[in-house]
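# Residue-level structural notes
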Amino acid sequence: MGASDAGEVRSTCPYCGVGCGVRISHAAGHITAVAGDETHPANFGKLCSKGLALPKTLSRSSRLLQPQVRASRGEPRVPVSWDVALDHIADRFAGSIERHGPDSVAFYISGQLLTEDYYVFNKLAKGLIGTNNVDTNSRLCMSSAVAGYKATLGADAPPACYEDLDHAACLFIAGSNMAFAHPVLYRRIEEARRKRPDLKTIVVDPRRTDTAAEADLHLAIAPGTDVALFNAMLHVLLAEKRVDRGYIEAHTEGFEPLERELSACTPEWAAGVCEISADDIRLAARWFAEGPTLSLYCQGLNQSTSGTDKNATLVNLHLATGQIGRPGAGPFSLTGQPNAMGGREVGGMANLLSAHRDLSNAAHREEVAKLWGVKSVPDKRGKTAVELFEALNEGTVRCVWIACTNPAQSMPDQALVRAALARAELVVLQDCYADIETARFADVLLPAATWGEKEGTVTNSERRISRVRAAVAPPGEARADWEIACDFAHRLGHQLGRDGERLFPYTSAEEVFAEHCETTRGRDLDITGLSYAVIEERGPQQWPFPEGAAEGLARLYTEGRFPTASGRARFHVAGYTAPAEVPTELFPLRLTTGRLRDQWHGMTRTGRAASLHDHEPEPRVTMHPEDLATRGVEDGALVRVRGPRGTLTLRARSSDEVRRGDLFIPMHWGGRFLAGGGVNALTISRYDPHSFQPELKHAIAEVEGVVLPHALLAMGVVADPDRALAALAPLLDRFAYASCGLAGGEYPAVILRAACANAIPEHLVAQVDRVFGFPATRGGLSYDDRSAGFSRVARRLGTRLAAVRLLGESTGSEWLVDLITQGTNVAGLGYQLLAPSAVAPEGAASRGRILCTCHDVPEARVAEGIEAGLDLAALQSTLKCGTGCGSCVPALKRLCSARKREAVAA
Ligand SMILES: Nc1nc2c(c(=O)[nH]1)N[C@H]1C(S)=C(S)[C@@H](COP(=O)(O)OP(=O)(O)OC[C@H]3O[C@@H](n4cnc5c(=O)[nH]c(N)nc54)[C@H](O)[C@@H]3O)O[C@H]1N2
Ligand SMILES: Nc1nc2c(c(=O)[nH]1)N[C@H]1C(S)=C(S)[C@@H](COP(=O)(O)OP(=O)(O)OC[C@H]3O[C@@H](n4cnc5c(=O)[nH]c(N)nc54)[C@H](O)[C@@H]3O)O[C@H]1N2
Ligand code: SF4
Ligand SMILES: [Mo]
């Protein structure tokens with residue numbers, strides 16, 4: 001398994017689709033450090049703030065170490081052996097399949113699984129059981145991109161590569177905040193800009209993100225209106241005769257019907273729909289046509305009820321201008337998860353089949369059945385993610401196996417999802433952590449090995465296949481995902497009288513990969529020339545890579561031939577349709593959701609690293625200053641966000657980064673960190689009719705101020721932060737507002753911020769106190785005036801402050817966090833620490849947000865520097881900020897240029 005006593009192992013970062021190569025150092029069975037792999041073509045040694053912090057996320061105390069099973073709901077789960085756990089599931093699955101048919105069971109898996117894991121799960125469902133009910137969180141992520149590519153280019157293949165950033169003259173970035181979500185690729189854009197200052201960038205995003213703030217042209221369109229914009233851009237190009245007629249005639253079909261559709265899509269019309277200027281639409285169209293133009297796009301296009309149309313109408317622009325199949329040009333869909341691509345390759349979705357085959361194609365089904373050695377694979381499309389949870393809720397799907405995803409946090413419309421999980425007859429959860437939101441619903445928990453502990457491959461956004469390697473052994477009885485699935489397949493085979501051993505004979509991930517390669521023979525993604533040995537020898541490779549090839553293809557469709565029946569690419573005709581929900585009198589605001597720089601999804605991993613909390617210590621809803629003012633709410637106040645499906649209380653952040661009428665809430669804080677369960681209490685589960693991808697970016701809402709005068713703020717250094725967070729999680733919903741998290745520094749701390757309308761019950765305070773080590777046996781200080789509503793306790797350790805808990809009116813005591821985490825000498829402060837005032841004593845001002853995690857530089861220090869006249873280079877040399885991984889450079893630039901603008905205005 002590659003793990004030895006100490007040494008270094010090359011692997012791939014487990015986070016985003018950039019797919020950076022990492023070098024993992026390990027000693028005595030533990031991962032000790034991570035560095036960028038200089039030889040990896042995705043990152044050439046660079047890592048972002050998340051990749052660099054990987055070793056800090058590997059808490060062992062919450063790891064699932066042994067399978068657990070509960071006999072029935074309401075009973076506690078008990079630890080059992082693998083044999084008992086897997087036989088139990090096999091019994092239940094077989095019973096359900098025999099009584100209610102194969103479609104009564106389902107698998108819900110993940111783009112964070114490795115290709116080998118994915119392959120085995122897909123074969124288990126479609127080959128052994130005979131159901132297409134295997135869908136994944138990629139349905140929430142990439143399925144509109146898949147549908148968009150197939151509708152236009154004929155196959156699900158991003159045609160461009162990272163190197164195209166060095167050749168493009170125009171970057172068209174739509175619905176993607178690369179500065180946060182694909183940081184190392186964004187570093188490459190920064191470099192390209194430095195080398196070629198005339199490189200133009202256009203960003204299409206309703207929000208002024210860090211990515212948008214740096215663009216030459218920011219089109220802050222009304223949410224959901226991309227199709228209108230793209231169609232109008234093509235209208236302009238037609239009117240100004242800037243389309244490439246030669247390319248259209250030689251390599252495409254279906255342009256005439258599109259031309260007819262576009263005749264009404266004038267820039268003036270689109271300006272009204274998108275709420276931007278017609279001149280900006282014209283300018284964008286001209287830059288696009290000049291090219292070479294590379295489009296980079298992500299969830300702002302995909303997560304939409306018109307996601308397929310958004311993707312395909314953007315591809316139209318490339319086809320009409322011949323901006324495809326040559327250096328620096330092409331529609332480049334950025335993949336989110338590290339292996340969303342691998343999942344698509346093995347066909348691990350309810351409507352796909354292995355190696356880009358189609359479930360609806362009888363010949364394809366026959367090919368796959370033959371390759372697998374089974375009689376047939378079922379022809380009926382399986383349940384896609386939202387449908388799957390609806391079916392669980394209705395009882396038509398009875399047993400569900402969830403692996404490597406946390407649907408009780410990440411699926412839209414949580415009320416529905418949680419009801420469905422509660423209703424299901426059997427919920428199996430295969431994860432590495434025991435404390436995630438979905439675990440509460442699990443009848444069986446299976447401990448999975450995770451990053452650093454398992455072998456396999458992943459494919460990144462540019463079709464490049466990299467190895468993932470184990471540096472250490474998995475803890476306890478945790479096992480690799482593919483192994484668990486195979487072991488189960490053997491047992492279920494016995495129960496169903498089918499030959500599981502013959503279908504799943506693998507003894508290593510490498511054997512699974514070899515079989516997967518064979519299924520791609522003759523397909524567009526042919527990788528029959530690849531093996532672990534080839535990757536070992538020649539490094540990560542792009543597909544296709546057929547047998548006998550010396551290397552993979554950097555770019556697709558260079559000859560203008562497409563994998564369609566006619567060999568021509570197809571134009572896609574689609575008109576603009578509004579998002580599923582449009583604002584009403586009751587819910588006049590539009591909510592969008594997305595990512596922050598330093599957190600990953602439901603914080604299942606990044607949430608365990610204290611330093612990754614410092615960039616955004618508390619969940620906030622961003623809204624326009626005027627929208628706050630009309631509601632009489634101040635910046636930083638607590639507000640209630642209400643929608644048709646749920647409510648959420650959190651702090652308001654005033655910023656004109658969002659348009660009037662829009663809200664933004666990050667997706668990261670779920671039920672483990674925030675009362676009310678997170679933003680997906682508010683999102684809608686309506687989905688795109690072609691891709692079945694739900695509309696996670698658009699829901700309606702209203703915001704109102706709330707009066708929660710009884711506040712509780714507790715923080716402290718604890719022996720095991722993970723365990724403390726797990727103890728706080730079940731308490732959160734007892735407050736009207738509560739969020740918990742960590743704070744980094746020399747002495748990382750756990751923090752709980754909470755508030756209620758009425759006095760907080762003493763037994764609840766006592767429960768919180770226990771987590772933070774109160775009542776203190778030594779070093780305690782207390783200031784108690786319950787009649788005045790105050791109760792404040794502190795615990796010192798030598799001259800340091802170890803913990804405080806403040807109960808009362810004031811929440812302005814955040815400066816205490818820094819005393820704790822910096823290990824400040826508080827000997828001189830005494831009872832000042834507990835003074836019920838919001839004022840920090842001299843020298844103890846709060847450091848606030850930390851902008852640069854590498855060099856621990858607060859935003860306030862940067863602001864002071866800028867005030868004193870420092871520019872980016874001077875900030876970097878004096879404060880060191882932005883000189884590590886570079887993840888904060890876009891923010892530094894934004895602050896500098898904001899100051900410049902102010903100076904010019906003044
Ligand atoms: N730091 C961090 N990085 C990540 C992840 C993470 O959790 N954290 N997750 C990874 C994964 S799985 C994914 S899928 C990617 C996602 O990467 P991105 O898609 O870049 O990230 P998001 O923030 O979800 O959404 C991008 C932008 O879409 C905008 N948007 C909303 N509605 C619309 C619209 O109608 N039109 C347009 N044009 N834009 C709109 C939002 O304002 C937002 O800025 O990130 C990957 N990288
Ligand atoms: N509101 C809103 N919601 C969204 C989105 C949004 O933009 N807005 N984005 C959507 C998108 S694009 C995505 S991709 C999803 C992501 O949402 P999820 O799929 O829920 O993502 P994670 O929180 O990363 O969950 C991954 C789980 O796998 C576990 N894990 C880690 N490694 C392994 C392993 O090797 N094996 C196993 N078995 N388990 C492992 C982790 O502990 C964690 O519980 O969220 C979606 N939800
Ligand atoms: S950009 Fe960051 S999160 Fe994405 S793969 Fe690279 S190091 Fe990991
Ligand atoms: Mo994603």
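This one's a predicted model, so the numbers in the text were calculated from it and none came from an experiment.

Criteria and cut-off values
Residues numbered from 1 in each chain as written. Chains lettered and ligands numbered in written order. Predicted model: local features only at pLDDT ≥ 70, side-chain atom pairs only at ≥ 80, totals over all residues. Heavy atoms only, no water. Helix = DSSP H or I, 4+ residues; strand = E, 2+ residues; numbered from the N terminus. Rg over C-alpha atoms; globule rule 2.2 N^0.38 Å. Buried < 20%, exposed > 50% of the residue type's maximum accessible area, 1.4 Å probe, protein only. Areas by Shrake-Rupley, 256 points an atom, 1.4 Å probe, with all protein chains shown as cover. Core = buried A, V, L, I, M, F, W, Y, C linked by side-chain atoms within 4.5 Å. Domains from an automatic or database assignment. Axes fitted to C-alpha atoms, helices over the stretch in contact; angles between N-to-C directions. Parallel < 35°, antiparallel > 145°, perpendicular 65-115°, else oblique. Left-handed = near helix turned anticlockwise from the far one by under 90°. Contact = heavy atoms within 4.5 Å. Nonpolar A, V, L, I, M, F, W, Y, C, P; charged D, E, K, R; others polar. Near = heavy atom within 4 Å. Polar contact = N/O pair within 3.5 Å; in protein donor to acceptor, adjacent residues only side chain to side chain. Phe/Tyr/Trp six-rings, centres within 6.5 Å; stacked < 30°, edge-to-face > 60°. Pairing = 2+ DSSP bridges. Buried area = accessible area lost by both parts, 1.4 Å probe. Salt bridge = Lys/Arg side-chain N within 4 Å of Asp/Glu carboxyl O.

## Quick look at the overall build of the protein chain
A tally of regular secondary structure across the protein chain gives 30 helices and 36 strands. Taking 906 residues into account, the globule formula puts the C-alpha radius of gyration at 29 Å, and the protein chain, at 27 Å, falls close to it. Seen through its principal axes, the protein chain has C-alpha atoms that stretch 80 × 70 × 55 Å. Burial status across the protein chain gives 64% buried among its 906 residues. For the protein chain, the accessible area works out to roughly 30,900 Å², and carbon and sulfur atoms hold 51% of it.

## Re the nonpolar core
A general tendency of soluble globular proteins is for nonpolar side chains to be buried together. Of all hydrophobic cores here, the largest spans 118 residues; its most connected members are Ile89, Phe93, Phe107, Leu124, Leu229, Trp401 and Leu446. Considering every element that reaches this core, the biggest residue donor is helix 8 (residues 226–239), with nine residues. Split by domain, this core shows at least three residues from each of two domains, domain 2 (68–141 + 345–542) and domain 3 (143–333).

## Re the packing of helix 3 (residues 115–129) against helix 22 (residues 509–519)
At a closest axis distance of 9 Å, the pairing of helix 3 and helix 22 adopts a crossing angle of 70 degrees. Considered as vectors, helix 3 and helix 22 are oriented roughly perpendicular to each other. As for the relative orientation of helix 3 and helix 22, their crossing is left-handed in sense. Of the residues in helix 22, those in contact with Thr115, Glu116, Tyr119, Val120 and Lys123 of helix 3 are Ala509, Val512, Phe513, Glu515, His516 and Thr519. Its residues assigned to classes, the contact of helix 3 with helix 22 shows five nonpolar, three polar and three charged.

## Some points on the site of ligand 1
Ligand 1 sits among 33 residues. The nearest are Asp205, Gly224, Asp226, Arg595 and Gln599. Contacts to ligand 1 include Gly175, whose backbone N or O atom sits 3.3 Å from a nitrogen atom. Arg207 places a polar side-chain atom, nitrogen or oxygen, 2.8 Å from an oxygen atom of ligand 1. For ligand 1, the protein covers 99% of the area, taking 910 Å² as the surface of the free molecule. Counting only elements with at least two residues in the shell around ligand 1, the list comes to helix 5 (178–181), helix 13 (299–302) and strand 23 (589–594). For the shell around ligand 1, the residue count by class is 10 nonpolar, 15 polar and eight charged. In this structure, the shell around ligand 1 is formed jointly by two domains, domain 3 (143–333) and domain 4 (589–705), each of which donates at least three residues.

## Comments concerning the site of ligand 3
In the vicinity of ligand 3, the contacting residues are Cys13, Tyr15, Cys16, Gly19, Cys20, Leu47, Cys48, Lys50, Gly51, Pro183 and Val184. Residue assignment for the shell around ligand 3 shows that the elements contributing at least two residues are helix 1 (49–52) and helix 6 (183–195). Here the residues of the shell around ligand 3 are counted per class, giving eight nonpolar, two polar and one charged.

## With respect to the packing of aromatic side chains
Per the counting criterion, the structure on display carries 17 aromatic pairs. For the ring pair Tyr557 and Phe562, a centre distance of 4.7 Å and an interplane angle of 35 degrees mean the geometry is tilted. Taking the relative accessible area as the measure of exposure, Tyr557 reaches 11% and is therefore buried. According to the relative accessible area criterion, Phe562 is buried, its value standing at 4%.

## Some points on the sheet that holds strand 20 (residues 464–468)
Spatial ordering of the open sheet is given by 19-20-21, a layout of three strands whose pairing is antiparallel. Sheet topology places strand 19 (456–459) and strand 21 (541–542) at the edges, where each strand pairs with a single neighbour. In this sheet, strand 21 lies alongside strand 20 in antiparallel orientation, the contact comprising two bridges. In the sheet register, Arg464 faces strand 21, and the bridge partner there is Gln542.

## Some thoughts on the side chain of Thr211
Mapped onto the fold, Thr211 is located in helix 7 (residues 210–213). For Thr211, a relative accessible area of 1% corresponds to the buried category. Only 3.0 Å separates the side chain of Thr211 from the backbone nitrogen of Ala179, close enough to count as a polar contact. Excluding anything up to four places from it in sequence, Thr211 contacts Ile173, Ser176, Asn177, Met178, Ala179, Tyr186 and Val203.

## Considerations on the sheet that holds strand 6 (residues 105–109)
One open sheet holds the seven strands; their spatial order is 5-4-18-17-16-6-7, and the pairing between them is mixed. Two strands bound the open sheet, and with one partner strand each, they are strand 5 (78–79) and strand 7 (134–136). The pairing of strand 6 with strand 7 spans three bridges and is classified as parallel. Bridging across to strand 7, Tyr108 finds its partner in Asp135.

## Remarks on the environment of His494
Along the chain, His494 falls in helix 20 (residues 481–496). For His494, a relative accessible area of 57% puts it in the exposed group. The sequence separation of His494 and Ala94 amounts to 400 residues, and the corresponding C-alpha distance is 9.6 Å.

## What to know about unusual backbone geometry
Between Gly291 and the following residue, Pro292, the backbone shows a cis peptide bond with an omega angle of -5 degrees. With an omega dihedral of -5 degrees, the bond running from Phe774 to Pro775 counts as a cis peptide bond. Within the element layout of this structure, Pro775 appears in the loop between helix 26 (762–771) and strand 32 (780–785). Despite not being glycine, Ala355 shows a phi value in the positive range, around 55 degrees. Positionally, Ala355 belongs in the loop between strand 14 (352–353) and strand 15 (357–358). Of note, the phi angle at His356 is positive, near 60 degrees, even though the residue is not glycine. Its place among the elements puts His356 in the loop between strand 14 and strand 15.

## A short note on the environment of Glu75
Relative to the helices and strands, Glu75 is located in the loop between strand 4 (68–69) and strand 5. A C-alpha to C-alpha distance of 9.5 Å links Glu75 and Asp443, two positions 368 residues apart in sequence. Polar contacts involving the side chain of Glu75 include one to the side chain of Ser72, which spans 3.0 Å.

## Here's the deal with the domain arrangement of the protein chain
The assigned domain composition of the protein chain is domain 1 (3–57), domain 2 (68–141 + 345–542), domain 3 (143–333), domain 4 (589–705), domain 5 (710–834) and domain 6 (850–905). Taken over C-alpha atoms, the centre of domain 1 sits 31 Å from the centre of domain 4. The interface of domain 1 with domain 4 comprises eight residues on the first partner and 10 residues on the second. On the domain 1 side of the contact with domain 4, Tyr15, Lys50 and Thr57 bury the most area, a combined 56% of that side's loss. For the pair domain 1 and domain 4, the number of links is zero salt bridges. Scanning the region where domain 1 abuts domain 4 turns up three residue pairs in polar contact (both at pLDDT 80 or more).

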